[in-house]
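One-letter residues, chain by chain:
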Amino acid sequence: MLKINKLNVGVDDKNILNNINLEINKGELHVIMGRNGTGKSTLSNIITGKDGYNIGGGEVLYKNKNLLDMSTEDRALEGIFMSFQYPVSIPGLNTMHFLRTSVNSIRKHQNKEEYSSGEFIKVFKEKLAIVGLDESFAKRSVNDGFSGGEKKRFEILQMLLIEPKLVILDETDSGLDIDALRIVANGINNFKSKNNSFLLITHYYRIIEYLNPDFVHVLLDVKIVKSGDQKLALKLEENGYGWLKK
Amino acid sequence: MAGLKNNSKLKDDLIDKINNLTFLDKEQWKYTNFNYLSNFNFDKNISKNSLSIKKNDSIEVLSINDLNEDSEKNYLKFFNKIIPQENKFILYNTAYFHNGYFFNVNKNIDDAYALIESNITVNSKNNFSNDRIIFNFNKSSKTTILFNEKNTKQIKNNAVYELFLDNNSCVDFIIFSNQPSATKILNLSAKINKDAILNIYTINISGELIKNNYFINLDKQNSKCNFNGIDLLNKKNHIDNYIEVNHNNKNTFSNINYNNILDGYSKGIFYAKTVINENCSQSEALQSNKNMLLSKSSSIHSNPQLIINNDDVQCAHGSTTGEIDSDALFYMQSRGISENKAKKMLINSFLFKIINKMKDKKILSSINNEIDSWINNVD
Amino acid sequence: MDKVKRTKKQLTDISSSEYKYGFKTNIEEERLPNGLNEDIIKSISKIKNEPKWLLDFRLKSYEKWKKMKEPNWQNLKYPKIDFNEICYYSSPKKKKLKSLDEVDPELLKTYDKLGIPLDEQKMLSNVAVDAVFDSVSIATTFKDTLKKAGVIFCSFSEAVIKYPDLIKKYLGTVIPSSDNYYAALNSAVFSDGSFVYIPKNTKCPMELSTYFRINAANTGQFERTLIIADDNSYVSYLEGCTAPMRDENQLHAAIVELITLDNAEIKYSTVQNWYPGDKNGKGGIYNFVTKRGHCKGNNSKISWTQIETGSSLTWKYPSCVLKGDNSIGEFYSVALSNNYQQADTGTKMIHLGKNTKSTIISKGISAGHGQQTYRGQVKIMKNAINSRNFSQCDSILIGSNCGAHTQPYINIKNSSSKIEHEATTSKIGEDQLFYCNQRGISTENAISLIINGFCKDVFKKLPMEFAIEAQKLMEISLEGCSVG
C-alpha cells in the first residue's frame, strides 16, 4: 500500500527526517511513537502533501505510484485520509455541506454514484451514532467552536464516511478523556479491515491497547531507531525513551 | 552660531508656503474647528526656554542654539524630513519654533532616560509657543522618554516631534498631559527601522482643546509599533486624536489600543487609519477603541479605519461604546463592594490595562495615582 | 515540486467566466437625443404625460443639480463622466400593454434568458414581477391578487397618474432631491420605476419583485422606487439587476425610498449583477445609487439585504433613519470585486428615537485587482435613549493585487447607548485549503465553499430562491480567481 524508501526531508536548512524506510501493507496497522518535535507530524504532512518541505532524497510510493508527484486532493481522491492533529475551523461553512462535497468528490472519482441529499443524511446519521455525536452537528460550521474531543470525533466521522484506503491518525488520541478515547478507538476498529491500512502517530500507550497494532516504530532524532511489536510500545510507556539512546 | 530659526531664507520660503496653503486634509480635522485654531498667533516669541530636561549620560541633548557646524549638519539630516508638509501648524512650527532640541541616544545602551517638563510661566493668551524636538535613537538602544506636562495655566502649545528609530532600538515614548486649561496641537512623526520597536503611551487627563496627530511609519522589515492611549475627559474638554500608521515593509506589526472615559460635556475623537501597502506581506495590524460615557452630554466619535492592499496580512479592529458594564458592577456589589467603589475600580481597570506594559514601573505608578485622583472626582 | 504554484497555474488556466447575461435585444426603441438640459427634462415629462407639479419637481431638482459638485470622497477611480453624452430616455416603441400577449415576443425571450418568470404558467413561485426594461415598465403580473389584498404595485409613471396624492405626499421625503449629486440627477430625469403601497393591517400576500435591465446603448437608467408600508403592514421586496455587455461604461443612478409607519416592516433585498466590465476592466456599469428607509412609525422595521457582484463601480449606502421609538434598522451586505471592479458601499444608521436598534453585517470579498471599501456610519443622537448598534465588517482577500478597506464612522451623543463594532481582514487560509484538499475537494471548489461560508450570515437573510441564486452568482463571479 505505502512504501517509503530512504526519505530525507528538511525545512529551510534543518534536517527533519533522515533515511526513513517504512512499508505498510494492506490490512496492517503501524504505530509511530516518539518525543515532541522528532518529525512525526512531518511524516504525515509529507504523505498528505503539505507545502513547505524540501525533499532531500528518497521516494514515497503509494499503490506503486510516486506519491510526491501528486497534489493533495489527488492523494485524497486516491484514498489517503489524514485525521488532523489540529483540524482548522472554517466559520460559516456548514458541516453537512462540507462532508457531502468531500464524500461525493471522492465517490465520483471512484466511479461510484454520488449520494443524493436524502441518502447522505441517512448515511451521515448512521455514522454519527458510531462516533457518539448528536444530530445538531449537521447545523454547525466546520470545526468552528468545537471542543477538542468533538474535533477528533468529527475527524473519525469523516473517515467513516470517506472510507479511505490509507488512514493516517495524527495524535488522534491526544486531548481525549477515557470515554471519548474509547469511542474514537471503536470507530477505528469498526472501520479497520483486510483492505485498508493505518498509520497511527502517538505519544501514549493507552490507544495502542485498544488498537492492537502489527508494528511499532520509534522515531528519535530524525531517524527511525527501533521497530518492533506492541511490546515495544509497552516498554516505552514504562521506561521512556532514554534507554534507546546510546 | 546661528540656529535654524535665524535662517531667514528658510523662514521666508515657509511663510510663502503657509500663506499659499489652502488645502488641508479634511478628514483629520473633521471634528475640530481648524479655523478657530488658526486665528491665534504662532509667530510671537513667547518664552525663550520653557522646557526643563533631566536625563542620564546615555543621551546627548543639544539646544538648537548651541549647534556647531558639525552638529548642525547632523541635525539637518533629520530636521523636517518625515513630518507631513500639508499641515499648516507644522509649517508654523517649522518657521517659528523657539524651543528646539536634538536628542541623540547612544547606540548599544539599555538605560537611556530623559524627563522633559514644560514650565511655561507666561500666560500666553493668544500666542502659541512652538516646541520642536528631534529624537534620534541609535542602533540597539533602549530608551524611556517621558513628557510630563502638568499645568493649570491657559497655555497654548504647538509642538512637533520627529522620532527616528534605528535598527533594533526600543523606545517607550510617554506623553503624560494633565493640563485642564491647555490648548495644544501636537504633530508627531516616527520612522521605524528594522527590528525596532516604538511603544507610545499617551495619557491625556483633561484639556481644553487638544489636537494630536501621529504619523507612524513602519519602514523596514520587522519593525513594530504599539500605540497605547487613554483620555479622561470632563467638563467641556475636547480631545481629538488622529493616528496614522503606514506599513511600508514586510513583516511589520502595529497595535493601537485607545480607551476613553468621558464625563460632563466633553467630546472625544478617535480617528485611526492603518494602511498596509502592497508588497507588505506577513504584516499584522490591530486596532481597538473602547469608550465609556459617564454622562448624558458627553459624546464620542470613533473612526477605526483599515486600508489593506495585500492579502497576506492579518487585521482586525474593534470599537465599543457604552456605559459601565452593569453585570460587572452587580457582580462586585454581590461580593460586598460598594457601588461607588466598584464603579471606580472598573474605570481604573478599563484604563490601566492599556498602559500597564510600560517598562518604567515608577512612572507607571505615578501616572496611575493621577488617574485615580481624577476618578475620585467622578460622582 | 511546488504544489501551490501548480494549483495557481491550474486556476489561471481556467478561463475566467464570461458574463452570463451578456446579450442585447434588438427592438425598436424610442429615444431622446443625448444631453441634459431643461428641454430634455420637459420632453421626458411630456412623453410620460406628467402633471405640472411633477415637472416642477424635476426642474427644481435640475437647478439644484447644476449647482452641485460630483462627490469625490469615495475610494473609486474612474474617468470623468460627461453628463451631456448620455441619453436620458429610451423606451421600446410599443406601449400601453394590457396583457402579456401584447408584449414584443423578442422582449419575452429576453426575460426568458434572464430567467424571469414573467410567463403566467411559470408563476408557481408566487412572485409578482414588475419589469423595468430600459426606461419604461413593461408589464406587471399578478395585479389582480394584489388588488384583492388592497396592495398597490405598479410602475412609477402609472402611480403618478392614478395615485397622485400618495406620490405627492411621500416623493422626496426620505431622499430630498438636494441630498446628493446623483439623487438630484435622478430627481430631474428619472424615467420610471416601481411604486408599492401596502395598506393598514395588511401582510402583502406574495413577494414583490422587480428586475432591472439596462439595454440600449448610452442610456443611463434612472429608476425611482417608492415603497410605503402603512400601519401594521408587511412587505418583502426583491430587486434583481442585469445589463448586457457593452464596451463603454454606462451610468445608473437610482433612488429607492422606503417608509414604514407604526408597526410596519419592509424587507428589501437586492441581487445586483450588472455587467462588471471585462477581465481588463473595460466597460461595465457605473452604479451610483441612493437608497434610504425612514422608520417613521413606532416599532417599525426596515431591513436591507444586498448581494453586489456586478458593476464596474458601485457607490451605494442603503440607510435607515430610525425615528420611531423601538424601531429597527438592519443592513446585510455581501459585496464582491473581481478583476478591476471597485465597490465603495456600506450603510448609515441614524438613531433618533428611543430604544432603537440597528444591526450591520457586511462581508467584502476582493479578488484580482478588485477594490472594496466598507464605509458606514452609526449616529446616535441625544434623544435616542437606550439605543443599540452592532456592526460586523469582515473582509477577505484573494490574491495580492486587490484591496480591502474599512472606514466606519461612529458618532455617539448618548451615554445610555451601547455600540459594538468589529472588523476583520484576512485571506483564505492555506490551512483551510489544505484541509479541504485533503478531503478530496479541489482548490476552486474549496474557495467557493469557504467564501459561501463567509457570506452565510447574509445569504440566510435572503428569501430562499434568491439565496440559491446568490450562491450561484458568487461561484460564477469567483471563477478563475487565484490564491496567493
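Preceding block: the structure.
Nothing here was measured: the structure is a model prediction, and the numbers come from that model.

Asker: Quick question: what am I supposed to make of the overall build of chain C here?
Answerer: Looking only at helices and strands, one finds twelve helices and 24 strands in chain C. Out of the 484 residues belonging to chain C, those deemed buried represent 63%. Carbon and sulfur atoms provide 49% of the accessible area of chain C, an area that totals close to 17,900 Å².

Asker: Just checking my understanding: could you explain the packing of helix 3 (residues 95-109) of chain A against helix 5 (residues 148-162) of chain A for this structure?
Answerer: All names here are of chain A. At a minimum axis distance of 10 Å, the contact between helix 3 and helix 5 shows a crossing angle of 35°. The two elements helix 3 and helix 5 cross, and the hand of that crossing is right-handed. Where helix 3 abuts helix 5, its residues Thr95, Phe98, Leu99, Ser102, Val103 and Ile106 lie against Phe154, Leu157, Gln158, Leu161 and Ile162. Classifying every residue of the contact of helix 3 with helix 5 gives eight nonpolar, three polar and no charged.

Asker: Any chance you could explain the nonpolar core here in plain terms?
Answerer: A general tendency of soluble globular proteins is for nonpolar side chains to be buried together. In terms of nonpolar packing, the biggest core is built from 114 residues, with Ile47 of chain A together with Ile365 and Ile451 of chain C touching the most fellow members. In terms of residues, this core owes the most to one element, helix 5 of chain A, which gives seven residues. With 40 residues, the next largest nonpolar core counts Leu262 of chain B together with Val196, Ala229 and Ile419 of chain C among its residues.

Asker: I keep staring at the interface of chain C and chain A and nothing clicks. Help me out?
Answerer: One widely used convention gives an interface's size as the accessible area the parts lose upon coming together. The interface of chain C with chain A comprises 22 residues on the first partner and 37 residues on the second. Summed over both partners, the interface of chain C with chain A buries about 2,500 Å², with 60% contributed by carbon and sulfur atoms. Of all residues in chain C, Phe434, Tyr435 and Arg439 of chain C bury the most surface against chain A, accounting for 31% of the area lost on that side. Taken together, the links from chain C to chain A amount to two salt bridges. Across the pair Arg439 of chain C and Glu155 of chain A runs a salt bridge whose closest N-O atoms are separated by 2.5 Å. Joining chain C to chain A, the criterion identifies eleven residue pairs in polar contact (both at pLDDT 80 or more). Looking at the side of chain C that touches chain A, the elements with two or more residues in it are helix 1 (3-13), helix 9 (430-438) and helix 10 (443-454) of chain C. Per element, the largest residue contribution to the side of chain C that touches chain A is seven residues, and it comes from helix 9 of chain C. Considered class by class, the residues forming the side of chain C that touches chain A number nine nonpolar, seven polar and six charged.

Asker: Would you mind going over helix 7 (residues 361-376) of chain B with me for this structure?
Answerer: In an α-helix, one turn spans 3.6 residues, which is why side chains three or four residues apart end up on the same side. Residues and elements named next belong to chain B. Compared with an ideal rise of 1.5 Å per residue, which puts 16 residues at 22 Å, helix 7 spans 22 Å between its outermost C-alpha atoms and is within 8% of the ideal. Ile363, Leu364, Ile367, Asn368, Glu370, Ile371, Trp374 and Ile375 are the residues of helix 7 that are buried. Buried residues of helix 7, seen end-on, are gathered within an arc of 160° and therefore sit on one face of the element. Projecting away from the buried face of helix 7 at angles above 90 degrees are the exposed residues Lys362 and Asn369. One side-chain oxygen at the N-terminal end of helix 7 lies 3.0 Å from the backbone nitrogen of Lys362; it belongs to Asp360.

Asker: In this structure, what is going on with unusual backbone geometry? I would like to understand it.
Answerer: Residues apart from glycine generally show negative phi values, whereas peptide bonds are mostly found in trans. Residues and elements named next belong to chain C. Despite not being glycine, Asn49 has its phi angle at roughly 55°, a positive value. One can find Asn49 in the loop between helix 2 (38-47) and helix 3 (52-67). Residue Asn49 is classed as exposed on the basis of its relative accessible area, which comes to 62%.

Asker: Where do I start with the pattern of salt bridges in this structure?
Answerer: A side chain of one charge can pair with a side chain of the opposite charge when the charged atoms of the two come close. Taken as a whole and assessed by the stated rule, the structure comprises 33 salt bridges over all chains. Between Lys52 of chain C and Asp56 of chain C there is a salt bridge whose closest N-O contact spans 3.0 Å. Pair noted here: Lys52 of chain C and Asp56 of chain C are both in helix 3, with a separation of four residues, about one helical turn. Overall, the relative accessible area of 59% leaves Lys52 of chain C in the exposed class. Residue Asp56 of chain C is classed as partly exposed on the basis of its relative accessible area, which comes to 30%. Among the salt bridges present, the one from Lys162 of chain C reaches Glu158 of chain C, with a minimum N-O distance of 2.8 Å. Residue Lys162 of chain C and its partner Glu158 of chain C are located together in helix 6 (residues 156-162), separated by four residues, close to a single helical turn. Taken together, the salt bridges that share partners define one network made up of Lys63, Lys65 and Glu78 of chain A.

Asker: Just checking my understanding: could you explain the sheet that holds strand 6 (residues 80-83) of chain A for this structure?
Answerer: Two modes of strand pairing occur in sheets, parallel and antiparallel, and in both the strands are linked by backbone hydrogen bonds. Residue and element names in this part refer to chain A. The strand order across the open sheet formed by six strands is 6-9-10-3-11-12, and the pairing between neighbours is mixed. Here the strands that pair on one side only, and so sit at the sheet edges, are strand 6 and strand 12 (223-228). On average, adjacent strands in this sheet sit at an angle of 20° to one another, irrespective of strand direction. With five bridges connecting them, strand 3 (residues 29-34) and strand 10 (residues 197-202) associate as parallel partners.

Asker: Looking at this structure, how should I read the packing of aromatic side chains?
Answerer: Any aromatic ring pair is given by two values, namely how distant the centres are and how the planes are angled relative to each other. In total, this model carries 48 aromatic pairs over all chains according to the counting rule given. With 5.3 Å between their ring centres and 85° between their planes, Tyr181 of chain C and Tyr182 of chain C make a pair best called edge-to-face. Owing to a relative accessible area of 1%, Tyr182 of chain C belongs among the buried residues under this scheme. With a centroid separation of 5.7 Å and 50° between ring planes, the pair formed by Phe288 of chain C and Trp315 of chain C is classed as tilted. Within this pair, whereas Phe288 of chain C is found in strand 13 (residues 284-295), its partner Trp315 of chain C is found in strand 15 (residues 313-316), the two being separated by 27 residues in sequence. When its relative accessible area of 0% is taken as the criterion, Phe288 of chain C is described as buried. A cation over an aromatic ring shows up here: Arg107 of chain A above the ring of Tyr115 of chain A, its NZ or CZ 4.0 Å from the ring centre. The lysine or arginine in question, Arg58 of chain C, covers the ring of Phe190 of chain C, its NZ or CZ lying 4.1 Å from the ring centre.

Criteria and cut-off values
Residues numbered from 1 in each chain as written. Chains lettered and ligands numbered in written order. Predicted model: local features only at pLDDT ≥ 70, side-chain atom pairs only at ≥ 80, totals over all residues. Heavy atoms only, no water. Helix = DSSP H or I, 4+ residues; strand = E, 2+ residues; numbered from the N terminus. Buried < 20%, exposed > 50% of the residue type's maximum accessible area, 1.4 Å probe, protein only. Areas by Shrake-Rupley, 256 points an atom, 1.4 Å probe, with all protein chains shown as cover. Axes fitted to C-alpha atoms, helices over the stretch in contact; angles between N-to-C directions. Left-handed = near helix turned anticlockwise from the far one by under 90°. Contact = heavy atoms within 4.5 Å. Nonpolar A, V, L, I, M, F, W, Y, C, P; charged D, E, K, R; others polar. Core = buried A, V, L, I, M, F, W, Y, C linked by side-chain atoms within 4.5 Å. Buried area = accessible area lost by both parts, 1.4 Å probe. Salt bridge = Lys/Arg side-chain N within 4 Å of Asp/Glu carboxyl O. Polar contact = N/O pair within 3.5 Å; in protein donor to acceptor, adjacent residues only side chain to side chain. Expected span 1.5 Å × (residues − 1). Arc of directions from axis to C-beta. Pairing = 2+ DSSP bridges. Phe/Tyr/Trp six-rings, centres within 6.5 Å; stacked < 30°, edge-to-face > 60°. Lys NZ or Arg CZ within 6 Å of the ring centre and 35° of its normal.

Any functional reading would require information beyond the geometric quantities listed.
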